[in-house]
Amino acid sequence: MSDRQLATSIAVGKVVLGWFRLLDDPGAMLIRPSQAIDPYPHYERIRARGKVVPSKLGMLLVSDHELCSAVLRDPAFGVAPNKEMGQPDLGMDGLVNPLEDSFIFRNPPEHSRLRRVVSPLFTPRAMHERQARIEAVVEDFLDQLAGRDEFDLVGEFAARVPIKIICDLLGVPDAEHRRMIDWGTTLAASIDGMGSMAQVRELRATLRELNDFLSARIALRRAEPNDDVIGHMLAEGDLTEFELLATSGLLLAAGFETTVNLIGNGVLALLSNPSVRQRLVDDPAAADNIVEEILRLDPPIQYTARLPLSDDARIAGRVVPKGRAVVLLTAAANRDPSVFPDPHRFDPDRHNARDHLTFSSGVHYCLGAGLARMEGAIALRALFRRFPDLRLGGTVQRRASRAVRGPLRLPVRVTSRQPAAIA
Ligand code: HEM
């Protein structure tokens, strides 16, 4: 497809979307990015229409927890890159897009072969060994904020922690972190589809830079082997250059574009729930369930999608025709009242908070879930311990995405304290 055809296709897509929004189509309401919109009332409207709701845009929307979970675990359904979901071909000229070309968008057996290469790096034991390092990174960034009265919690803390951790894993030097943030923001925004040719061009430029950068890292690791993630992939797996680029790019993007929002959404939730915030600081044992409740109530990834792989793919006993995309509204499933009583309430003692679908389910269950949970708990506890009076300091700016949810800018104020003198 030429750029001219692509521009036309994007423009037509916008008109069609606008038209279906006017008709109150539930699918169209999900797609168009708008940071102003609170998605949760919209999910409730979809839930009120039924467990499986067709959109005139061709997809089926599922908000029911049991059905979302069943589809995610069912081998009759699989993932498919955007182009197979009916999105226009973006003409990426052989560039590797980690969010399209990696194993997150591959079905078994290819998926299993690729995932198996990196999964040993994310075992509970491997995570446990990283705990002290994460605590040190968090304390270091908080030290750098000492003496400040106000700062942007996302740019100056929430984004820095996961970037540092994932870059450590991949052996990426600190000097490159700024570029990572920019690349990650562009990639995450692309999940919602392209809104303009300017966005397409930005994505191409980002992928070109990211591909060059990762190729250079891979070449360096070939010359100087070590045990970072790229070194591990080279030693363990029989991966092609394309697969190496896609897998390392996936870990990079998935490793921080999500966790930054867990921390950001967590801060917002705790600011609205002062007693929970106090408990987080006072009772280390409560931190894990509080993080689960944050993940349940305000997930960084709001939905995912699957396509039927066989003629017999069914939801609730009814066949789903081939080519019909199924959108699993995991953020809505997390508030399914039949699973989570009083679902909109932040309940730090909710016994089944961990049953949320924020990390998906089935073969694509998030590989970094353990790492994200640990980073979230360590970062939030340390932040509120260090700044007990942390409060909002301005207007929160949200990400312009429906699929990825979290603050882009979160100005906060604190009363910095001098460290207590040694008695
Ligand atoms: C709060 C933070 C995180 C959230 C909410 C999150 C969410 C998700 C979701 C929903 C999926 C599956 C998508 C689907 O089923 O279609 C996924 C997959 C994945 N995530 Fe995460 N993620 C987080 C953090 C991380 C971290 C820290 C890493 C570390 C590198 C990571 C790496 C991955 C990978 C590699 C996959 C692909 C798994 C597969 O396809 O087998 N994620 N994540």
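First, a word on what this report is: a plain description of the structure on this page. These numbers were taken from a predicted model, which means no experiment stands behind them.

**Focus: the coordination of the iron atom of the ligand**
A lone protein donor binds the iron atom of the ligand: Cys366 (SG), at 2.3 Å. When you line up the elements, Cys366 lands in the loop between α17 (330-333) and α18 (369-386).

**Overview of helix α12 (residues 229-236)**
Those residues of α12 that sit buried are Val229, Ile230, Gly231, His232 and Met233. Summarising the contacts, the buried residues of α12 are in contact with α6 (110-118), α9 (160-170), α11 (197-223) and α13 (241-257). Here α12 starts with a cap whose side-chain oxygen sits 3.2 Å from the backbone nitrogen of Ile230, and that cap is Asp228.

**Some remarks on the site of the ligand**
The full set close to the ligand counts 27 residues, and His111, Thr304, Ser360, His364 and Cys366 are the nearest of them. The side chain of Arg115 places a nitrogen or oxygen atom 2.7 Å from an oxygen atom of the ligand. Note that an oxygen atom of the ligand is positioned 2.6 Å from one of the side-chain N or O atoms of His364. Listing elements by their share of the shell around the ligand, those giving two or more residues are α6, α13, α14 (259-271) and β5 (304-308). With four residues, the single largest contributor to the shell around the ligand is α13. Among the residues making up the shell around the ligand, the classes are represented as 16 nonpolar, nine polar and two charged.

**What about a nonpolar patch on the surface?**
Side chains of Trp19, Leu22 and Leu23 sit close together on the surface and give an oily, nonpolar patch of about 390 Å² of accessible area. What makes Leu22 exposed here is its relative accessible area of 70%.

**Focus: the nonpolar core**
Nonpolar side chains tend toward joint burial in soluble globular proteins. Counting 94 residues, the largest nonpolar core has Phe157 and Leu390 as the members making the most contacts within it. The dominant element in this core, judged by the number of residues it contributes, is α18, at 11 residues. Setting aside chain neighbours within four positions, we find Phe157 in contact with Val138, Phe141, Leu142, Leu145, Asp152, Ile263, Ala379 and Leu383. Counting 16 residues, the second-largest nonpolar core is a separate cluster that includes Tyr43, Tyr303, Val327 and Ala332.

So, how was this worked out
Residues numbered from 1 in each chain as written. Predicted model: local features only at pLDDT ≥ 70, side-chain atom pairs only at ≥ 80, totals over all residues. Heavy atoms only, no water. Donors = N, O, S within 2.8 Å, 3.2 Å for Na, K, Ca; no water. Helix = DSSP H or I, 4+ residues; strand = E, 2+ residues; numbered from the N terminus. Buried < 20%, exposed > 50% of the residue type's maximum accessible area, 1.4 Å probe, protein only. Contact = heavy atoms within 4.5 Å. Polar contact = N/O pair within 3.5 Å; in protein donor to acceptor, adjacent residues only side chain to side chain. Near = heavy atom within 4 Å. Nonpolar A, V, L, I, M, F, W, Y, C, P; charged D, E, K, R; others polar. Patch = residues over 30% accessible without salt bridge, like charges linked within 9 Å, V, L, I, M, F, W, Y side chains within 5 Å. Areas by Shrake-Rupley, 256 points an atom, 1.4 Å probe, with all protein chains shown as cover. Salt bridge = Lys/Arg side-chain N within 4 Å of Asp/Glu carboxyl O. Core = buried A, V, L, I, M, F, W, Y, C linked by side-chain atoms within 4.5 Å.

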